[in-house]
Amino acid sequence: MNYYQYYYFSEEEIEKANVNVIKIKEKILELYDKLEHVNDIKKIKLNETIERLNMSKECIKHYYGLHINL
């Protein structure tokens, strides 16, 4: 943990944030796999969902000061 993380968060919160980022990344990969098997309308919706998940992932990483490359 760096100073920012130590000051503002518990180790448990940082660990939960790491797990959540990993789970979000796994869901994004699942959706990318589904993109190959759906029609154009569903592709648009899946792409929007992927964009939102990516934004959520990046927000969590920034808020908690995580330095993981996912």
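Up top is the structure these notes are about.
Attention in this report is confined to the structure presented alongside it.

Cut-offs applied
Here the residue numbering is sequential within each chain, running from 1 through the sequence in written order. A pLDDT threshold of at least 70 governs which residues receive local features in this predicted model, and a stricter bar of 80 or more applies before side-chain atom pairs are shown or counted, although totals over entire chains, interfaces and linings include all residues. In computing side-chain properties, one takes all heavy atoms of the structure into account and sets aside hydrogens as well as water. In this description a helix means any DSSP run of H or I spanning at least four residues, a strand means any run of E spanning at least two, and both kinds are numbered starting from the N terminus. Atoms counted for the radius of gyration: C-alpha only. Globule rule: 2.2 Å times the number of residues to the power 0.38. Any two residues having at least one pair of non-hydrogen atoms within 4.5 Å are treated as being in contact. To measure how exposed things are, a 1.4 Å probe is used in the Shrake-Rupley method; for residues, cover is taken only from the protein chains shown. When charges are counted, neither His nor the chain ends are considered; positive counts come from Lys and Arg and negative counts from Asp and Glu. One atom stands in for each charge, and that atom is NZ of Lys, CZ of Arg, CG of Asp or CD of Glu. What makes a salt bridge here is a side-chain nitrogen of Lys or Arg within 4 Å of a carboxyl oxygen of Asp or Glu, nothing more. Buried means the residue's accessible area, taken with a 1.4 Å probe over protein chains only, is under 20% of the maximum for its type, while exposed means over 50%, and partly exposed covers the values in between. Any pair of Phe, Tyr and Trp rings, taking the six-membered ring for Trp, is counted once the centres come within 6.5 Å. Such a pair is stacked with planes under 30 degrees apart, edge-to-face with planes over 60 apart, and tilted for the rest. Helix span, as expected, comes to 1.5 Å for every residue beyond the first. Think of a polar contact as two N or O atoms within 3.5 Å of one another; within protein, one of them needs to be a possible hydrogen donor and the other a possible acceptor, and neighboring residues in sequence only count if both atoms come from side chains.

## A few points about the overall build of the protein
Tallying secondary structure elements over the protein gives three helices and zero strands in all. When the elements of the protein are put in sequence order from the N terminus, they spell out α-α-α. Here the C-alpha radius of gyration of the protein, 15 Å, is well above what a compact globule of 70 residues would show, namely 11 Å. Counting only C-alpha atoms, the protein reaches 50 × 15 × 15 Å along its principal axes. For the protein, contacts bridging at least 24 residues in sequence account for 61% of all contacts bridging at least 6. Working note: accessible area of the protein is about 5600 Å², and carbon and sulfur atoms make up 54% of it. For the protein, the centre of its 11 positive side-chain charges and the centre of its 12 negative side-chain charges are spaced 6 Å apart.

## Re the pattern of salt bridges
In this structure the tally under the stated criterion is four salt bridges. For glutamate 58, the salt bridge is made with lysine 57, and the minimal N-O distance between the two is 3.8 Å. Residue class for glutamate 58 comes out partly exposed when judged on its relative accessible area of 39%. Looking at lysine 57, the relative accessible area reads 3%, which means it is buried. Members of the salt-bridge network, linked through shared partners, are Lys57, Glu58 and Lys61.

## Brief notes about the packing of aromatic side chains
Each aromatic ring pair is summarised here by two numbers: the centre-to-centre distance and the angle between the ring planes. Inspection of every chain in the model, using the stated rule, returns eight aromatic pairs. By way of ring pairs, the aromatic residues Tyr3, Tyr4, Tyr7, Tyr8, Phe9, Tyr63 and Tyr64 are connected into one cluster.

## What to know about helix α3 (residues 40-64)
If you check α3, its first and last C-alpha atoms are 36 Å apart, about what 25 residues at 1.5 Å a residue would give, namely 36 Å. Buried within α3 we find Leu46, Ile50, Lys57, Lys61 and Tyr64. Turning to α3, the residues buried within the fold contact α1 (3-8) and α2 (11-35). N-cap assignment for α3: the residue whose side-chain oxygen lies 3.3 Å from the backbone N of isoleucine 41 is asparagine 39. Where α3 ends, the next residue or the one after it, glycine 65, has phi of about 65°, a positive value.

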